[in-house]
Amino acid sequence: MIYMLHRVLPANENPFQPNALLEVTPEFLEQVIIDTKAAGIEFVSLAEAYRRLREGNFERRFAVVTLDDGYRDNLENAYPVFARHNVPFTVFASSGIASGTCELWWLALERIINENKQVHISFHDMSETLATDTVAEKYAAYARLSSWIACDLDEHSQRRAIRNMADDAGLDLQVLCRSLAMDWDELRLLKSKPLATIGGHSLGHHAIARMDEEDARDQIWQDMERHQYELGDIPEFFAFPYGGKSAAGAREFEMAQTLGLKLAVTTRPGQLFPAHRSYLTALPRVSLNGLFQKRRYAELLREGAPLALYNGFRRVDAA
């Protein structure tokens, strides 16, 4: 299996945490590592997983740990856990996030709503004022606006929309990005660690399948080029941003292969099977969801029953 995480942070008592699913505590991460090893599953690097997939070597169950986006807490909070247990891991870092130019719209929206008693939106045909005083109102506003941004707007319009909202709220999106994500110096430091691998995660963290072919290709290739310039190597491994079926499909899987990537991962739920050797740029992952930080939930994911049910007992979902 390939475990998927985003952020590793101490527990937070703020009642409004719409992105809590993206956060696990260091303690939970450590417990998952301990329990996974106790179940007889070996932690390997992504490069070793790629080798085993290519060779069809499934003699022993193995697991890979991956973290998306490139948040600073990966270095400060997650790395000590990995080092303590000698667990290899891969951080998929978006070059736009590392450069501080990517609008982390889901976190910006959370910040805007959290710090205001009402939010006004005036963008294209959207003109609305939402109450954001109580916790319930904040969650309702976040659900309304995040759906509008992610689903109703194209990939370029959604970034203009969040910039407008941030300007109105006095939020500097670049400062927000810089405060949360590793810059290239920090990624170079992480890359120097023996257990760490840095992979690509697109230029601007867009849902690539929603873009035309030229833009989609640029999102992958320009990210690979920036990684080479900053870190010295073109990444061999890649994670599709968002990674669900609306964000990455057959066109993107083929594109990743054509551009020379050895392996790419999605957020489609599932474990790895020998058949995945034919779909190396469309691999599923097992999400460690911050809303379900219980040992029993992690055990069920390791056993695979919920994933098998979700996939209708199909082992490969790469369409």
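Right, let's walk through the structure included here. (Residues numbered from 1 in each chain as written. Predicted model: local features only at pLDDT ≥ 70, side-chain atom pairs only at ≥ 80, totals over all residues. Heavy atoms only, no water.)

## Quick notes on the overall build of the protein chain
Phase 1: When helices and strands are tallied, the protein chain shows 13 helices and twelve strands.
Phase 2: Rg of the C-alpha trace for the protein chain: 19 Å, near the compact-globule value of 20 Å for 319 residues, within the 12% margin.
Phase 3: Reported as C-alpha extents along the three principal axes, the dimensions of the protein chain are approximately 60 × 40 × 40 Å.
Phase 4: Among the 319 residues that make up the protein chain, the fraction classed as buried is 54%.
Phase 5: Residue pairs in contact within the protein chain that sit at least 24 positions apart in sequence constitute 70% of those at least 6 positions apart.
Phase 6: Summing over all exposed atoms, the protein chain offers an accessible surface of approximately 14100 Å²; the carbon and sulfur share of this is 49%. (Helix = DSSP H or I, 4+ residues; strand = E, 2+ residues; numbered from the N terminus. Rg over C-alpha atoms; globule rule 2.2 N^0.38 Å. Buried < 20%, exposed > 50% of the residue type's maximum accessible area, 1.4 Å probe, protein only. Contact = heavy atoms within 4.5 Å. Areas by Shrake-Rupley, 256 points an atom, 1.4 Å probe, with all protein chains shown as cover.)

## What to know about helix H3 (residues 72-85)
Phase 1: The terminal C-alpha atoms of H3 lie 20 Å apart, and with 14 residues this matches the ideal 20 Å at 1.5 Å per residue to within 8%.
Phase 2: When we look at burial in H3, the residues that qualify are Arg72, Asp73, Asn74, Leu75, Ala78, Tyr79, Val81, Phe82 and His85.
Phase 3: Looking at the buried residues of H3, the elements they touch are strand S2 (7-8), helix H1 (26-38), strand S5 (62-69), strand S6 (89-93), helix H8 (173-180) and helix H9 (184-191). (Expected span 1.5 Å × (residues − 1).)

## A short note on the nonpolar core
Phase 1: Counting 37 residues, the largest nonpolar core has Tyr3, Val65, Leu67, Phe82, Phe89 and Leu190 as the members making the most contacts within it.
Phase 2: Broken down by secondary-structure element, the contributors of at least two residues to this core are strand S1 (2-5), H1, S5, H3, S6, H9, strand S9 (196-200) and helix H12 (295-303).
Phase 3: Of all the elements, H3 adds the most residues to this core, at five residues.
Phase 4: The contacts of Tyr3, once residues within four sequence positions are left out, are Val32, Thr36, Phe43, Ala63, Val64, Val65, Thr66, Arg285, Val286, Leu288 and Arg302. (Core = buried A, V, L, I, M, F, W, Y, C linked by side-chain atoms within 4.5 Å.)

## Observations regarding the packing of aromatic side chains
Phase 1: Taken as a whole, this structure holds 13 aromatic pairs when the rule is applied.
Phase 2: Relative to Tyr242, the ring of Trp106 lies with its centre 6.3 Å away and its plane at 75°, an arrangement referred to as edge-to-face. In this pair, Trp106 sits in helix H5 (residues 105-114) while Tyr242 sits in the loop between strand S10 (237-239) and helix H11 (250-258), placing the two residues 136 residues apart along the sequence.
Phase 3: Given a relative accessible area of 7%, Trp106 falls into the buried group.
Phase 4: For Tyr242, a relative accessible area of 32% translates into the label partly exposed.
Phase 5: Taken together, the ring pairs in this structure connect Phe16, Tyr139 and Tyr142 into an aromatic cluster.
Phase 6: A cation over a ring is seen here: Arg7 above Tyr71, with NZ or CZ 4.9 Å from the ring centre. (Phe/Tyr/Trp six-rings, centres within 6.5 Å; stacked < 30°, edge-to-face > 60°. Lys NZ or Arg CZ within 6 Å of the ring centre and 35° of its normal.)

## Some points on empty space enclosed by the protein
Phase 1: Overall, the coordinates contain two cavities of 30 Å³ or more when judged by the stated rule.
Phase 2: Taken as a whole, the largest cavity spans an internal volume of roughly 60 Å³.
Phase 3: Taken together, Arg268, Pro269, Gly270, Gln271, His276, Ala282, Pro284, Asn311, Arg315, Val316 and Asp317 make up the lining of the largest cavity.
Phase 4: Residue composition of the lining of the largest cavity, by class: four nonpolar, four polar and three charged. (1 Å grid on protein atoms, 1.4 Å probe; cavity = no way out; pocket = protein on both sides within 12 Å on 5 of 7 lines; lining within 4 Å. Points joined across faces, edges and corners; volume = space filled by probe spheres on them. Nonpolar A, V, L, I, M, F, W, Y, C, P; charged D, E, K, R; others polar.)

## Thoughts on the pairing of strand S8 (residues 126-131)
As a general feature of sheets, a regular strand has side chains that alternate between the two faces.
Phase 1: Here strand S7 (residues 118-123) runs beside S8; their pairing, made up of six bridges, is antiparallel. Bridge pairing in S8 places His120 opposite Thr129.
Phase 2: Hairpin remark: S7 followed by S8, antiparallel, with two residues in the connecting loop; positive phi at His124, about 55°. (Pairing = 2+ DSSP bridges.)

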